[in-house]
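A closer look at the structure
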Amino acid sequence: LLAVGAAAAVGAIDGLRHGLVRYRAALLIALLGALFSPLGVFIAHQLPEHLLMGLFSALMVLVAWRMLQREKVEAGPSDHGAASWGQKNCMLNQQTGRLAWTAKCSATLAALGAVTGAVSGLLGVGGGFLIVPAFKQLTDVQMRGIVATSLMVISLISLIGVAGSMQAGVSIEPMGWVFIGASIVGMLAGRRLCSVIPARALQVGFASLCVVVAAGMLVKAAL
């Protein structure tokens, strides 16, 4: 968890440096996610494992399908590029380039945080798998901004989990620190690649990863 949180924090800081992170949205999503995650964990304990695996696989396929859907691209404010300028729940302000915090947008992001937390607790899936496609569907933020914001959410939630573990007396072995360091290096490399890889390629890659994960879970459930 610390490795995930540390790597995500490095990516989020890099995103903040480049003005890509929607930090207020990330804070709201992380807060609601942390509050609703225990509910998902409770429900998971009431369901059989094979059903959870099936739900997980179905979720990954749905996420992949949503990510691969193309949208009409029109002129509008964006994160370093053209934005999909349709009537979405959360829109970027044309003058400031920031999210316009309407009641609809606030409620949407709060609901996203709650659902993400509950589903993460239920299926054990990382928040990024849900936040990235949902943010793409509900806002006109560009892909690089979505990824950076997702990393901030993950780092905040991980920080809460790590703090709880440390308080419970959990310690980190030397090999664990090596893994954490490798995760940070991988994140830095990924952030550099993200700046040169087209947004569409990132979407296709993310969707492909979801399909692979779903297939792996189905195979595991069948064995």
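In the annotation of an unreviewed UniProt entry, the protein chain is listed under the name Probable membrane transporter protein and assigned to Pseudomonas edaphica. A UniProt comment under Sequence similarities (unreviewed entry) is attached to the protein chain, and it reads "Belongs to the 4-toluene sulfonate uptake permease (TSUP) (TC 2.A.102) family."

The next subject is the UniProt feature "transmembrane region" (unreviewed entry) in the protein chain. Here the UniProt-annotated "transmembrane region" (unreviewed entry) positions come out as residues 25-44, 51-68, 109-132, 144-163, 175-194 and 201-219. Secondary structure across residues 25-44 comprises 100% helix and 0% strand; the distance between its end C-alpha atoms is 27 Å. Within the segment residues 175-194, helix and strand shares are 100% and 0% respectively, and the terminal C-alpha atoms sit 28 Å apart.

Attention shifts here to a nonpolar patch on the surface. Where nonpolar side chains cluster on the molecular surface, the patch consists of Leu 31, Leu 35, Phe 36, Leu 39, Phe 42, Ile 43, Leu 47, Leu 51 and Leu 55 and spans about 790 Å² of accessible area. Secondary structure elements with two or more residues in the nonpolar patch: helix H2 (23-44) and helix H3 (49-68). With six residues, the top contributor of residues to the nonpolar patch is H2. Following the sequence through the fold, Ile 43 ends up in helix H2.

Contact pair H3 / helix H4 (residues 103-123): the axes reach a minimum separation of 10 Å and the direction vectors enclose 135°. What the angle tells us is that H3 and H4 run oblique. On H4, the residues touching Leu 52, Leu 55, Phe 56 and Leu 59 of H3 are Val 119, Leu 122 and Leu 123. Partitioned by chemical class, the residues of the contact of H3 with H4 number seven nonpolar, no polar and no charged.

This next bit is on the nonpolar core. Counting residues in hydrophobic clusters, the biggest one holds 44 residues, and the most contacted among them are Ile 29, Leu 59, Met 67, Leu 99, Leu 109, Leu 123 and Phe 135. Of all the elements in the fold, those that place two or more residues in this core are helix H1 (2-17), H2, H3, H4, helix H5 (128-138), helix H6 (143-167) and helix H8 (199-222).

Moving on, we get to the side chain of Ser 183. The topology assignment puts Ser 183 in helix H7 (residues 174-194). Here the side chain of Ser 183 touches Phe 179 through a polar contact of 2.9 Å, landing on its backbone oxygen. Ignoring sequence-local partners within four residues, the contact set of Ser 183 consists of Ala 3 and Ala 7.

Parameters and conventions
- Residue positions are given per chain, counting from 1 as you read along its sequence in written order.
- The predicted origin of the model limits local features to residues at a pLDDT of at least 70 and limits the giving and counting of side-chain atom pairs to 80 or more, whereas totals for whole chains, interfaces and linings rest on all residues.
- For side-chain calculations, the full set of non-hydrogen atoms in the structure is used, while hydrogens and water are omitted.
- UniProt positions are given in the numbering used here, feature names are shortened, and annotations may be inferred rather than shown by experiment.
- Segments assigned H or I by DSSP are reported as helices when at least four residues long, segments assigned E as strands when at least two residues long, and all are numbered from the N terminus.
- Exposure above 30% relative accessible area and no salt bridge define the residues that can form patches, which grow by joining like charges within 9 Å and nonpolar side chains of Val, Leu, Ile, Met, Phe, Trp and Tyr within 5 Å.
- What sets the accessible areas is the Shrake-Rupley method with a 1.4 Å probe; for residues, cover comes only from the shown protein chains.
- One side-chain nitrogen of Lys or Arg within 4 Å of one carboxyl oxygen of Asp or Glu is enough to make a salt bridge.
- A fitted line through C-alpha atoms serves as each axis, taken over the contacting stretch for helices, and the angle formed by two N-to-C directions is quoted from 0 to 180°.
- For classification purposes, angles smaller than 35 degrees are called roughly parallel, those larger than 145 roughly antiparallel, those between 65 and 115 roughly perpendicular, and all remaining angles oblique.
- Note on contacts: a residue pair is in contact if any heavy atoms of the two residues lie within 4.5 Å.
- Any residue that is not Ala, Val, Leu, Ile, Met, Phe, Trp, Tyr, Cys, Pro, Asp, Glu, Lys or Arg is counted as polar, Gly included; the first ten are nonpolar and the last four charged.
- Nonpolar cores were defined as sets of buried Ala, Val, Leu, Ile, Met, Phe, Trp, Tyr and Cys residues, with membership established by side-chain atoms within 4.5 Å.
- Only protein chains enter the accessibility calculation, which uses a 1.4 Å probe; a residue is then buried when its area is under 20% of its type maximum, exposed when over 50%, and partly exposed in between.
- Pairs of N or O atoms within 3.5 Å make up the polar contacts considered here, provided that, within protein, one atom can donate a hydrogen while the other can accept it, and that residues adjacent in sequence are counted only when both atoms are side-chain atoms.

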